[in-house]
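This is what each chain is made of:
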Amino acid sequence: MALALQPRLSQRQVATPAMMLEFSLLQLPLGELRETVKKEVDANPALEIARDFNPGRGARGASEGFDFERVAAEGGESLEDHLMGELRMDGVEGRDLELCRALVAELDDDGRFKGSYPDLLMATGATEAELEAARQRILAIDPKGCGARDLAECYRAQLDRIPAAKRPAVEKALDELSRAIADGRLQSFRPSDFSSFRLLQALEPFPGRLYDRRRIETVVPDVRVDEDGTVSVDQGDIPELRVSPKYIELAKDREADPEARAFAAEKVRRAREFREALVRRQETMEAIAELAVGGQRAYLSEGAAGLKKQTMSEVARKAKCDVSTVSRAAARKYVKTPRGTVPLRLFFPLVDQAPVERLRAILRSLPSEPHVPDVKVAEMMAKAGFPMARRTVAKYRRKFGFSEGRRPFPPSRGRDMV
């Protein structure tokens, strides 16, 4: 067979360095964003502060730029809940979903897979090929990299964020990293191509750490909701930035020293990219917060019972962006409401919360002894106007901590997953 070259037109999305910068800023909560902006201004002489404080918040000291809130982080979304929700949104169901659940249960706090295939084969009755297919499915959902066995595999799952032209060199660097891990040389590992390896800094080495934060934390709310339902995105004391006119002139000066001119041009390019990414972050947060929180106004009057089913896919479609963008915007962000400070992800329940909250109230009202059977609780739910299967009652009973012989846990402020 003769070989021939055939031109072909195709469309594909390539993550440019500017897009990667925008993604990294979008997933930062307000407190971390302030530190990132400060470091960037300190590191780039072409990036200047045009105005110190956001208009309307007053010229206050840096320590007064934020309104801190102490929240019970157990109300946040766990890594397991998030991954299972993402799998459902991808259409995974039935036996495939159960295999994924078994694998997710074996992830550590970093998102690494620490389970044993032989043990899972015995527990699930699946084949090794089926388990591996389920693990690869978990690796591909947001946050990408969960389910990886090691750092190299975690990075490899996120390679689509690297510009296509530079991806082959980065893959070679990852091959070197994989061999170092296999040989136990991770502590002394030095890549042969440092420039390619530096591109990995934009990726997330421990994706699981974005979730499952179960402790009291001091947070800075990114979003605020007034009594009348008005939604706004706070900027704290994030300064307004500008590109230095002096460096712009130097970058254009053909009579200047070539090395100085090249240095100025690079710093101006970086300053523009950072400033534009910061502006786009604010615009994206405003659009997503208005759709996500504004679409759940019943929460202000009814609490968690007023939350209706709302997926990230629906919000992404209305905002005309990718689902991963919505996920990044919601990650580790909090909303200050008249009912308290809650995670932004609370406003993305996969089911209507009225029956869930009614079931919680019924379970809290039951005596710890004697144990009331699940079928009786299902009958009580039906009388309350919320028909629910016995198996569903049992599932939520375990989830809420109302199992036999245990005292009920306090109500959670996080979202409930099916």
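Residue indices follow the written sequence of each chain, beginning from 1 at its first position. Since the coordinates come from a predicted model, pLDDT governs what is reported: local features require at least 70, and pairs of side-chain atoms require 80 or more to be given and counted, while whole-chain, interface and lining totals use all residues. As a rule here, side-chain values cover all heavy atoms of the structure and leave hydrogens and water aside.

Novice: For the overall build of the protein, give the residues involved together with the corresponding values.
Specialist: A run of H or I in DSSP becomes a helix once it reaches four residues, and a run of E becomes a strand once it reaches two; helices and strands are each numbered from the N terminus. Helix and strand content of the protein: 17 helices and eight strands. Sorting the 418 residues of the protein into buried and exposed places 44% on the buried side. Residues count as neighbours in contact if any of their non-hydrogen atoms are within 4.5 Å of one another. Taking the intrachain contacts of the protein between residues at least 6 apart in sequence as the baseline, contacts between residues at least 24 apart amount to 70%. Using a 1.4 Å probe on the protein chains alone, a residue whose accessible area is under 20% of its type maximum counts as buried, one over 50% counts as exposed, and one in between counts as partly exposed.

Novice: Let's hear about unusual backbone geometry: which residues, and what values?
Specialist: Glycine aside, the phi torsion of most residues is negative, and most peptide linkages are trans. In this model, Asp 142 is joined to Pro 143 through a cis peptide bond whose omega is -5°. Relative to the elements of secondary structure, Pro 143 occurs in the loop between α6 (128–140) and α7 (151–156). Within the chain, Arg 332 stands out as a residue other than glycine whose phi angle is a positive 60°. Along the chain, the position of Arg 332 falls in the loop between α14 (323–330) and β7 (334–337).

Novice: Quick one: what's the story with helix α11 (residues 258–294), residue by residue and with numbers?
Specialist: To estimate how far a helix should extend, the number of its residues minus one is multiplied by 1.5 Å. The terminal C-alpha atoms of α11 lie 53 Å apart, and with 37 residues this matches the ideal 54 Å at 1.5 Å per residue to within 8%. The N-cap residue of α11 is Asp 257: its side-chain oxygen and the backbone nitrogen of Glu 259 are 3.1 Å apart. Any pair of nitrogen or oxygen atoms within 3.5 Å is treated as a polar contact; in protein, a donor-acceptor pairing is required on top of that, and neighbouring residues in sequence qualify only through side-chain atoms on both sides.

Novice: Which residues make up the packing of helix α4 (residues 94–104) against helix α5 (residues 117–124), and what are the values?
Specialist: Helix axes are fitted to C-alpha atoms over the stretch in contact, other axes to C-alpha atoms as well, and angles between N-to-C directions run from 0 to 180 degrees. Axis separation between α4 and α5 bottoms out at 11 Å; the angle between their running directions is 140°. In terms of orientation, α4 and α5 fall into the oblique class. As for the relative orientation of α4 and α5, their crossing is right-handed in sense. Here α4 contributes Arg 95, Leu 99, Ala 102 and Leu 103 to the contact with α5, which in turn contributes Tyr 117, Leu 120 and Thr 124. Note on residue categories: nonpolar means Ala, Val, Leu, Ile, Met, Phe, Trp, Tyr, Cys or Pro, charged means Asp, Glu, Lys or Arg, and polar means any other residue, Gly included. Split into classes, the residues belonging to the contact of α4 with α5 amount to five nonpolar, one polar and one charged. Throughout, the term roughly parallel applies to angles under 35 degrees, roughly antiparallel to angles over 145, roughly perpendicular to angles from 65 to 115, and oblique to all others. For any helix crossing, the convention is left-handed if the near helix is rotated counterclockwise from the far helix by under a right angle, and right-handed if that rotation is clockwise.

Novice: Please provide a residue-by-residue account of the state of the cysteines, values included.
Specialist: The rule for a disulfide is simple: a pair of cysteine sulfur atoms within 2.5 Å. Enumeration over the complete set of coordinates arrives at zero disulfides. The thiol sulfur of Cys 146 is not disulfide-bonded, and the nearest other cysteine sulfur, from Cys 154, lies at 7.2 Å.

Novice: I'd like a description of the pattern of salt bridges, backed by residues and values.
Specialist: Salt-bridge detection follows one rule: a side-chain nitrogen of Lys or Arg within 4 Å of a carboxyl oxygen of Asp or Glu. What the rule picks out here adds up to 19 salt bridges. For Glu 357, the salt bridge goes to Arg 360, with nearest N and O atoms at 3.3 Å. Residue Glu 357 and its partner Arg 360 are located together in helix α15 (residues 354–365), separated by three residues, close to a single helical turn. There is no split in this pair, since Glu 357 and Arg 360 are both buried. The network of salt bridges with common partners includes Glu 132, Arg 135 and Glu 153.

Novice: An account of the sheet that holds β7 is requested, with residue identities and associated values reported.
Specialist: Pairing within the open sheet is mixed, and its four strands lie in the order β5-β4-β7-β8. A strand with exactly one partner marks an edge of an open sheet, and here the two such strands are β5 (231–233) and β8 (340–343). Strand after strand, the sheet turns through a mean of 25° between neighbouring axes, direction not considered. A pair of strands is treated as paired once DSSP finds two or more bridges between them. Two strands pair when backbone bridges link them, and strand β4 (residues 223–225) and β5 are joined in this way by three bridges, in the antiparallel orientation. Residue Val 223 lies in a different strand from β5, and its bridge partner there is Val 233. The strands touched by α11 within the sheet are β4, β5 and β7, with β5 carrying the most contacts at an inclination of about 155°.

Novice: For empty space enclosed by the protein, give the residues involved together with the corresponding values.
Specialist: Here a cavity denotes grid points, spaced 1 Å and computed from the protein atoms alone, that fit a 1.4 Å probe unable to get out, and a pocket denotes an open set having protein on both sides within 12 Å along at least 5 of 7 lines; residues with an atom within 4 Å of a point are the lining. Grid points are joined across faces, edges and corners, and a volume is the space filled by probe spheres set on the points. Considering all chains together, one arrives at six cavities of 30 Å³ or more under this definition. In this structure, the largest cavity occupies an estimated 110 Å³ of space. Along the walls of the largest cavity sit 13 residues, with Gln 27, Asp 142, Pro 143, Arg 161 and Leu 210 positioned nearest its centre. Along the lines of polarity and charge, the residues of the lining of the largest cavity split into four nonpolar, three polar and six charged. Within this model, the second largest cavity holds a volume of roughly 70 Å³. In terms of lining, the second largest cavity is formed by Met 20, Phe 23, Ser 24, Gln 27, Arg 161, Ala 202, Leu 203, Glu 204 and Arg 328.

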